[in-house]
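# Structural overview for review
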Amino acid sequence: MNFSLPFLLLFVGSLLLTARESFLIYAPSRSAEVLRVLEAKVEGEVLKLNSVVDYPLGFSATTITAHPKKNLLYVTTNGGPEGECPAATVFLDEKGIPQKHQSHLLKNGYAGLAVNADAGWIAGASYRTGWLDLYELDETGRIGRVLVSRNEERKNAHYVLISPDQKNLYVPYVKDFNALMQYGLNGKTLTPLDPVNAKPPEGTGPRHLANHPAGKFVYASNEQRAGASVYQRLPNGQLKHVQTCDAFEKFPRASGLSSSDIQCTPDGRFVFVGIRDREKEHDAIARFKVNEDKTLSFLGRTPADAVPWGLALSPDGRHLLASGTIAGTLQVFLVSKEGELTLAAKYKWGDKVTDLVTRSIP
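The sections below set out a description of the structure shown in this document. (Residues numbered from 1 in each chain as written. Predicted model: local features only at pLDDT ≥ 70, side-chain atom pairs only at ≥ 80, totals over all residues. Heavy atoms only, no water.)

### Quick notes on the pattern of salt bridges
Side-chain pairs of opposite charge can arise whenever the charged atoms involved come near each other. This is how the line gets drawn: The salt bridge criterion pairs a side-chain nitrogen of Lys or Arg with a carboxyl oxygen of Asp or Glu, the two atoms within 4 Å. Buried residues are those whose accessible area, probed at 1.4 Å on protein chains only, stays under 20% of the maximum for their type, while exposed residues exceed 50% and partly exposed ones sit between those limits. Only DSSP runs of H or I with at least four residues qualify as helices, and only runs of E with at least two residues qualify as strands; both kinds are numbered from the N terminus onward.
Counted according to the given criterion, the structure contains 15 salt bridges. In this structure, K48 engages E43 in a salt bridge whose closest nitrogen and oxygen atoms are separated by 3.5 Å. Note on E43: relative accessible area 38%, which makes it partly exposed. Across the pair D305 and K346 runs a salt bridge whose closest N-O atoms are separated by 3.1 Å. With D305 in the loop between β23 (296-303) and β24 (308-313) and K346 in strand β27 (residues 341-348), this residue pair connects regions lying 41 residues apart in the sequence. What makes K346 partly exposed here is its relative accessible area of 46%. Salt bridges sharing partners connect three or more residues here, namely K175, R207, E223 and R276.

Dropping the structure here:
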């Protein structure tokens, strides 16, 4: 049978696209003390979620991040006695499956983690104590000694964001501590900027942060004011507040609504924010369009399972994942060209899962 060259190219291209769309999902379970690993397999227009392994960790894990250059994951708890907070460096095989882990006892538990691969360290922000700690990574990527510890005399630190050029690091603080701390980076050196606090608008409570891929703007989810804020990253690394964009035209009540995680798509066209509601009426994913000047326009809210806590994008940016922490579910949404979200798959794992990361299948 003979095939034309255009047909063969189209056929091979479709196979490559399908392979690229399939990916792995990693989610630490607080209740089961395991690392859930799922495969998201795309077959045409259908996405299927299958359990790969429940890898035992032996502690109540909450927070996860991936090493950007090695087959490693880092998982920590969010609390515990000082110097006795469990964590793990998880080693993956070439297919992305956990094979072994090294246990650690760290200075604090962390709500946010970030890896600086070139400088060789991992940073953690402690919600309970407010400490920002940098740990050295050895040549294999294992967590080692503490390099830097800073406390800005505030609690409720919730995230760590490294700028794309690795020249700055930012730490947001929620609740009454409403702050956004900013630092300069030079290898393993951390230097507070002047002023160290970018001073977010009162009552916003920046919780999580996301870089715009161009590197000159940062988006924050606002825990105390459901929605997102836009900050311009100035040449000296300082963050300048540009806009607050709410997820409601009119807030349905004075309290009980808060933002959780935030994601900016790899093409920089859309921002998504998790909206949590104590009354379970308005649990949703808020959708925002990124304008030419990098400000946001509110597009709408897509209903989500209770409570959408952690968000992650698939490696190709075509799917948005949300952990329904109270519902015990994982939802995967297809992202349209207009920024709409359509539920593509749901997985019922029954656990209290908050954080998620994804990885391409080699």
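From this point, things continue past the structure.
### Some points on the layout of surface pockets
Rules: The distinction between a cavity and a pocket rests on a 1 Å grid over the protein atoms alone: a 1.4 Å probe fits inside a cavity but cannot get out, while a pocket stays open yet meets protein on both sides within 12 Å along at least five of seven lines, and a residue with an atom within 4 Å of a point counts as lining. Grid points are joined across faces, edges and corners, and a volume is the space filled by probe spheres set on the points. The residue classification treats Ala, Val, Leu, Ile, Met, Phe, Trp, Tyr, Cys and Pro as nonpolar and Asp, Glu, Lys and Arg as charged. All others, Gly included, are polar.
What the second largest pocket holds in volume is close to 650 Å³. Broken down by secondary-structure element, the contributors of at least two residues to the lining of the second largest pocket are β16 (206-211), β20 (257-264) and β21 (270-277). The residue makeup of the lining of the second largest pocket, split by class, is 9 nonpolar, 10 polar and 11 charged.

### Observations regarding the pairing of strand β13 (residues 168-173)
For clarity, the cut-off: Pairs of strands are assigned from DSSP output, requiring at least two bridges between the strands.
The buried count for β13 comes to 6 of 6 residues, which makes it a mostly enclosed element. The side-chain alternation of β13 yields two buried faces, one formed by N168, Y170 and P172 and the other by L169, V171 and Y173. Note: strand β12 (residues 161-162) against β13, 2 bridges, orientation antiparallel. When the sheet's bridge partners are listed, I162 is paired in β13 with L169. The hairpin formed by β12 and β13 contains 5 residues between the paired strands, and Q166 there has a positive phi angle of roughly 60°. Sheet topology places β13 next to strand β14 (residues 179-186); 6 bridges connect them, and they run antiparallel. Residue pairing across strands places P172 opposite L180, the latter belonging to β14. Hairpin connection of β13 to β14: 5 residues between the antiparallel strands, including K175 at a positive phi of 60°.

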